[in-house]
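Coordinates in review
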Amino acid sequence: MGAGAPAGRSRVRMSRTERRRQLLDVGRGVFASKGFDATSVEEIAARAEVSKPVVYEHFGGKEGLHADVVDREMQRLLARFTTALSEPGHPRELLERAALVLLDYIEEDTDGFRVLTRDAPVTSGTGPFGSLMGEVARKVEHILGAHVAIRGSDDARLAALYSQALVGMVALAGQWWLDTRSPGKHEVAAHLVALAYDGLSRLGPTPPVRP
């Protein structure tokens, strides 16, 4: 067996698709716990009980594996947001659904969330998580558009501003909740939406701008 594979064990035979999925799952766990820089192809191969060339064959190296892990997590989380916001409902309910999507993901797919945020913090606005939150903000924008109209403004930029602010707030709170897990996610979502939605409801059409 090639270098990097555990001695004394026979490799589990898998189809190419199964092996690729296994390597993605193993890579996800290692990247989540160690970050990109501290992860090696040797460790991923050892945990997957394959030789290093198998990892290179599927992904071309650590960079390719990390990129595919990140892409898979982004697609999974974006699909959750899309599903949650596709059903009709009151704007406040839709916003609470969106907040719960992220909190559910953090709770159920902690490794995935760590992969998306570990090497590019939420506050940086860059990296895969920043790009993903930008996409989510565009989905939330139409929900807030009605409030802009109710407030007597036809400036679409305000809906974009509010959606970016709301999604950014939820993302930062979610990163905090990752470690605390208290209060419960439904209570966290309710407070976040109350802070944002009630604030928007009381916001005048032309808030004073200080020079």
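Data block above holds the structure.
Report on the accompanying structure. Model, not experiment: these values are computed from the prediction.

**Section: the overall build of the chain**
A count of helical and extended segments in the chain gives 9 helices and 0 strands. In sequence order, the secondary structure elements of the chain are arranged as α-α-α-α-α-α-α-α-α. Here the chain holds 211 residues, and the buried ones make up 44% of them. Looking at the chain alone, contacts between residues at least 24 apart form 69% of all its contacts between residues at least 6 apart. For the chain, the exposed area adds up to about 11100 Å²; of that, 54% sits on carbon and sulfur atoms.

**Quick look at the packing of helix H5 (residues 91-108) against helix H9 (residues 185-201)**
Interaxial distance between H5 and H9 falls to 9 Å at its minimum, and their mutual angle equals 140°. Comparing their axes, H9 and H5 come out oblique. For the pair H5 and H9, the sense of crossing is right-handed. Contacts between H5 and H9 involve Pro-91, Arg-92, Leu-95, Glu-96, Ala-99, Leu-100, Leu-103, Asp-104, Glu-107 and Glu-108 from the first element and Lys-185, His-186, Val-188, Ala-189, Ala-190, Val-193, Ala-194, Tyr-197 and Asp-198 from the second. Each residue belonging to the contact of H5 with H9 can be placed in one class, and the counts come to 11 nonpolar, 1 polar and 7 charged.

**Brief notes about the side chain of Arg-97**
Take Arg-97: it is sitting in helix H5. Among the polar contacts listed, one links the side chain of Arg-97 to the backbone oxygen of Pro-88, at a separation of 3.0 Å. With residues near it in sequence (within four places) discarded, Arg-97 still touches Ala-84, Glu-87, Pro-88 and Gly-89.

**Some remarks on unusual backbone geometry**
Cis geometry is found at the peptide bond from Ser-182 to Pro-183, where omega equals 0°. Looking at the secondary structure, you find Pro-183 in the loop between helix H8 (156-180) and H9. In this structure, Glu-49 is a non-glycine residue whose phi angle is positive, near 60°. Note on placement: Glu-49 falls in the loop between helix H2 (41-48) and helix H3 (52-59). With phi around 55°, Arg-181 is a residue other than glycine that occupies positive phi space. Mapped onto the elements of the fold, Arg-181 is located in the loop between H8 and H9.

**Considering the packing of aromatic side chains**
Scanning all chains against the criterion turns up 2 aromatic pairs. On the numbers, 6.2 Å between centres and 20° between planes, the contact of Phe-31 with Phe-36 is stacked. With relative accessibility at 19%, the residue Phe-36 sits in the buried group. Centroid distance Phe-113 to Phe-129: 5.4 Å. Interplanar angle 85°. Geometry classified as edge-to-face. In this pair, Phe-113 is assigned in helix H6 (residues 110-118) and Phe-129 in helix H7 (residues 127-150), connecting sequence segments 16 residues apart. Note on accessibility: Phe-113 and Phe-129 belong to one class, buried. Positioned over the ring face of Phe-36 is Lys-62, at 4.2 Å from the centre of the ring.

Rules and cut-offs
Residues numbered from 1 in each chain as written. Predicted model: local features only at pLDDT ≥ 70, side-chain atom pairs only at ≥ 80, totals over all residues. Heavy atoms only, no water. Helix = DSSP H or I, 4+ residues; strand = E, 2+ residues; numbered from the N terminus. Buried < 20%, exposed > 50% of the residue type's maximum accessible area, 1.4 Å probe, protein only. Contact = heavy atoms within 4.5 Å. Areas by Shrake-Rupley, 256 points an atom, 1.4 Å probe, with all protein chains shown as cover. Axes fitted to C-alpha atoms, helices over the stretch in contact; angles between N-to-C directions. Parallel < 35°, antiparallel > 145°, perpendicular 65-115°, else oblique. Left-handed = near helix turned anticlockwise from the far one by under 90°. Nonpolar A, V, L, I, M, F, W, Y, C, P; charged D, E, K, R; others polar. Polar contact = N/O pair within 3.5 Å; in protein donor to acceptor, adjacent residues only side chain to side chain. Phe/Tyr/Trp six-rings, centres within 6.5 Å; stacked < 30°, edge-to-face > 60°. Lys NZ or Arg CZ within 6 Å of the ring centre and 35° of its normal.

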